[in-house]
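Chains, contacts and geometry: an overview
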Amino acid sequence: MSSPRHIMSEFEAIPQMDLAAQYAAIGDEIREAVTRVMASQRFVLGNEGAALESEIAELCGVTHGVGVASGTDALILALRSVGVAAGDEVILPPFTFVATGSAVSALGAGPVFADIEPDSFNISAAEIAKRITPRTRAIIVVHLYGLSADMDAIRDAAKGSAIPIVEDNAQAIGATYKGKPTGALGDVACISFYPTKNLGAYGDAGMIVTNSAEMDTRLRTLRNHGQSSRYSSVEPGWNSRLDEIQAAVLRAKLRYLREWERARRSLAAMYSKILAPVESVRTPQIPAGYEHVFHQYTIRVPRRDELQKFLSERNIGSAVYYPVPLHLQPIYAKLAHPKGTFPHAERAAEEAVSLPMFPELRPEQVQRVAETIAEFYSR
């Protein structure tokens, strides 16, 4: 017999995300990790950060990891490390968080948008190929919602151009593409450890991973005021260092990442099974050879905003990520991309909704969410 706290009520709130449930499960280990740092009195560029760099690099199947202060900083420094400068062009998808574009703008370069594939929400290789020019200095590939982009096709699109590929791996740490982990699929990859990510810190934190020893050395200089050694700055840099407390928290959580991924996949499979008969709902597609980590379980539906209201009235959380594509954001109005320029991104922005998804979500909660959606579309 289930314990009383697991008996579902039609009025019980189901949040879209619940970090408190995670802390309740591993809080003792988190507190131990923080106490360890406090006792060491080493708060920046210490043993915890160095250990995490090695552990994340190993997870991503590469040789180097460089901890930085945030996922956004990771993008900026990675772009700088591959040579992006003012006046250059960087190709990226318009259906992503604004940080992907603002990192380009921060270096004085120009974002060049390429539309997405409607089945995956990820950037289209064919659209990339159309937009490569002599000024293109990098391509940013975002592995959205936990699913890798089609990297073979993207590399083919850039073949012969020697354009560096930067992975925005903020949402897909642990995912794989044809047996290879995201983070090892381009020239350099950027990870966000924002608290809501599958592997989240208790504040801002990020990392850059690469197989290039030269890039590793440059990134360590860039993140620390451009210093190649103490008080010797060789170029303009940033103050962007992953602090020891965040590194220790992340190391404690990293031990559970695979377990959490399995839970997410199981919950996603349950959603997809229950929602399969609902004709109005398009569930996430996982191509053969891909391993999705379901940072979000995102469906495409008509009347999305009405559905969200219906769910909310029944105490069910949901989220709409990226309701305004980058090319329609005020920050990029000067690029003069009218509505209709990138139709797949625009349609995704109108149809996509992310359902409750976190490892501690219970099967009966998934069932209630999915059945409520089925009820909405049966009316």
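The numbers attached to residues start from 1 for each chain and follow its sequence in the written order. Residues qualify for local features only when their pLDDT is at least 70, as the model is predicted, and side-chain atom pairs are given and counted only at 80 or more; totals for whole chains, interfaces and linings, by contrast, use all residues. The side-chain numbers reported here are obtained from all heavy atoms of the structure, hydrogens and water having been left aside.

Quick word on the overall build of the chain
- A run of DSSP states H or I qualifies as a helix once it reaches four residues; a run of E qualifies as a strand once it reaches two. Both are numbered from the N-terminal end. If you tally the helices and strands in the chain, you get twelve helices and 14 strands.
- Atoms counted for the radius of gyration: C-alpha only. Globule rule: 2.2 Å times the number of residues to the power 0.38. Relative to the 2.2 N^0.38 estimate, which gives 21 Å for 379 residues, the radius of gyration of the chain is 21 Å and therefore close to what a compact globule would have.
- Considered along the principal axes of its C-alpha atoms, the chain spans approximately 65 × 55 × 35 Å.
- With residues, only the protein chains shown are counted as cover, and all accessible areas are computed by Shrake-Rupley using a 1.4 Å probe. When the accessible surface of the chain is totalled, it reaches about 16300 Å², and 52% of it is carbon and sulfur.
- In the chain, which carries 39 positive and 43 negative side-chain charges, the distance between the mean positions of the two groups comes to 2 Å. Counting rule applied: Lys, Arg positive; Asp, Glu negative; His and chain ends not counted. Taken as the charge centre is NZ of Lys, CZ of Arg, CG of Asp or CD of Glu, depending on the residue.

Here we look at the pattern of salt bridges
- Here, a salt bridge means any Lys or Arg side-chain nitrogen found within 4 Å of an Asp or Glu carboxyl oxygen. Within the structure shown, the criterion is met by 29 salt bridges.
- Between Arg258 and Glu261 there is a salt bridge, with its nearest N and O atoms 2.9 Å apart. Here the residue Arg258 and the residue Glu261 both occupy positions in helix H9 (residues 257–275), the gap between them amounting to three residues, near one helical turn.
- Using a 1.4 Å probe on the protein chains alone, a residue whose accessible area is under 20% of its type maximum counts as buried, one over 50% counts as exposed, and one in between counts as partly exposed. Given the relative accessible area of 2%, Glu261 is considered buried.
- Between Glu313 and Arg314 there is a salt bridge, with its nearest N and O atoms 3.5 Å apart.
- Classification of Arg314 by relative accessible area gives partly exposed; the value is 29%.
- Each of Arg36, Glu48, Glu55 and Arg251 takes part in a single network of salt bridges with overlapping partners.

Brief notes about helix H7 (residues 213–222)
- Regarding H7, the residues found buried are Met215, Asp216, Leu219, Thr221 and Leu222.
- Buried residues along H7 sit against strand E1 (64–68), helix H3 (71–81), strand E8 (188–192), strand E9 (206–210) and strand E10 (227–229). It only takes one pair of heavy atoms within 4.5 Å for two residues to be counted as in contact.

Re the nonpolar core
- Here, nonpolar core refers to any group of buried Ala, Val, Leu, Ile, Met, Phe, Trp, Tyr and Cys residues whose side-chain atoms link them within 4.5 Å. Leu79 and Phe95 are the most contacted members of the largest nonpolar core, which has 40 residues in total.
- Mapped by element, the contributors of at least two residues to this core are E1, H3, strand E2 (89–92), helix H4 (98–106), strand E4 (136–142), E8, H7 and helix H11 (343–351).
- Looking at this core, the element that brings in the most residues is H3, giving six residues.
- Setting aside its immediate chain neighbours within four residues, Leu79 contacts Val84, Val90, Ala103, Val104, Leu107, Ala138, Ile140 and Val166.

Regarding the packing of aromatic side chains
- Aromatic rings from Phe, Tyr and Trp, taking only the six-membered ring of Trp, are treated as a pair when their centres fall within 6.5 Å; an angle between ring planes under 30 degrees marks them as stacked, one over 60 as edge-to-face, and anything in between as tilted. Under the definition given, this model contains 15 aromatic pairs.
- Centre to centre, the rings of Phe95 and Tyr322 are 5.6 Å apart; their planes meet at 90°, and the pair counts as edge-to-face. Of this pair, Phe95 sits in the loop between E2 and H4 while Tyr322 sits in the loop between helix H10 (304–313) and H11, and the two are 227 residues apart along the sequence. Both residues of the pair, Phe95 and Tyr322, count as buried.
- Centre to centre, the rings of Tyr271 and Tyr297 are 4.7 Å apart; their planes meet at 25°, and the pair counts as stacked. Taken as a pair, Tyr271 in helix H9 and Tyr297 in strand E13 (residues 297–300) lie far apart in primary sequence, 26 residues in all.
- Among the aromatic residues, ring-to-ring pairing joins Phe95, Phe121, Tyr145, Tyr321 and Tyr322 into one connected group.
- Definition used: whenever NZ (Lys) or CZ (Arg) falls within 6 Å of the ring centre and also within 35 degrees of the ring normal, the charge is taken to sit over that ring. One residue, Arg314, lies across the ring of Phe310, its end atom 3.5 Å from the ring centre.

Brief notes about the sheet that holds strand E5 (residues 165–168)
- If DSSP finds at least two bridges between two strands, the strands pair. Read from one edge to the other, the open sheet built from seven strands follows the order E1-E9-E8-E5-E4-E2-E3, with strand pairing classed as mixed. A strand with exactly one partner marks an edge of an open sheet, and here the two such strands are E1 and strand E3 (110–113). The sheet shows a mean angle of 25° between the axes of neighbouring strands, taken without regard to direction.
- Bridge count for E2 against E3 is four bridges, and the pairing is parallel. From the neighbouring strand, Ile91 faces E3, where its bridge partner is Val112. Angles run from 0 to 180 degrees between N-to-C directions of axes, and those axes are lines fitted to C-alpha atoms, restricted for helices to the stretch in contact.

Digging into unusual backbone geometry
- If you check the backbone angles, Tyr145 has positive phi at about 65° while not being a glycine.
- With respect to the helices, strands and loops of the structure, Tyr145 is situated in the loop between E4 and helix H6 (151–157).
- If you check the backbone angles, Phe294 has positive phi at about 50° while not being a glycine.
- Its place among the elements puts Phe294 in the loop between strand E12 (290–291) and E13.
- The exposure class of Phe294 is buried, given its relative accessible area of 5%.

A look at the confidence of the model for the chain
- Confidence in the prediction of the chain, expressed as mean pLDDT, is 95, and 97% of residues score 70 or more.
- Confidence drops under a pLDDT of 50 for residues 1–5, and excluding neighbours within four residues, the segment shows one contact in the predicted structure. pLDDT measures how confident the predictor is about each residue, on a scale from 0 to 100.

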